[in-house]
Amino acid sequence: APAEAQNFPDEGCPRQKMERSMIENELSVQNHIVVTMEYILKVNGEVIDRSEPGDPVQFIHGIGLVVPGLEKALDGMQVGDQKEIIISPAEGYGEIDEDATAAIPVGEFPEDLPLDLGVKLILLDDEGDEQEAYIFDVDDEMVYLNLNHPLAGEELEFEIKVVGLREADGQELLHGHVHPDSQGN
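Residues numbered from 1 in each chain as written. Predicted model: local features only at pLDDT ≥ 70, side-chain atom pairs only at ≥ 80, totals over all residues. Heavy atoms only, no water.

Draft legend 1. Spotlight on unusual backbone geometry. For His32, which is not glycine, the phi dihedral falls at a positive 70°. Tracing the backbone through its elements, the reader meets His32 in the loop between α1 (14-25) and β1 (33-43). Here Asn44, not a glycine, exhibits a phi torsion of approximately 55°, which is positive. Structurally, the position occupied by Asn44 is in the loop between β1 and β2 (46-50). When its relative accessible area of 68% is taken as the criterion, Asn44 is described as exposed. (Helix = DSSP H or I, 4+ residues; strand = E, 2+ residues; numbered from the N terminus. Buried < 20%, exposed > 50% of the residue type's maximum accessible area, 1.4 Å probe, protein only.)

Here you go:
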């Protein structure tokens, strides 16, 4: 009589785990992949932001969570790949828009809020979306706000290293962000 085939569950089978690991190692950055990345961001040679050592950033690639120039530079990279890139303002936070200003009466602000030049404010639009603004002028009646991103008009210098890749799961894609406990299933 022929020997009966044994059925091994996928979980715990070393061969299945190895095959799954090999597939994950072959992933490259593309749309709907969760990218785990270490980075340093410089403007005019000065470090202005970086991932913390041992605490890389994670995001879903291809859904607009990072500036377009960074997404393009990451396309096709694999775990362990690193590079230095320079991103133009057009591919970063945009050019400075001289019309992106607002004048708001002084009385609209809380009395305890310092209305000093350079103060960052978070404004809510009619849909409840947040927008950063910076005070660039104040007079007796009005507060003048710059609505440009603080890095608008700047060339961005990135040092990046891809330290992990996995497929985003359906819930992450639906919500538009990475779920820390997700395994991409």
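Draft legend 2. Region of interest: the pattern of salt bridges. Summed over the entire model, instances satisfying the criterion amount to 4 salt bridges. Across the salt bridge formed by Lys42 and Glu159, the nearest N and O atoms sit 3.1 Å from each other. In this pair, Lys42 sits in strand β1 while Glu159 sits in strand β9 (residues 156-167), placing the two residues 117 residues apart along the sequence. In this structure Lys42 comes out as partly exposed when scored by relative accessible area, which is 23%. (Salt bridge = Lys/Arg side-chain N within 4 Å of Asp/Glu carboxyl O.)

Draft legend 3. Summary view of the environment of Leu147. By the element assignment, Leu147 lies in the loop between β8 (142-146) and β9. Residues Leu147 and Ala100 lie 47 residues apart in sequence; the distance between their C-alpha atoms is 5.1 Å.

By themselves, these figures tell us nothing about what the structure is for.
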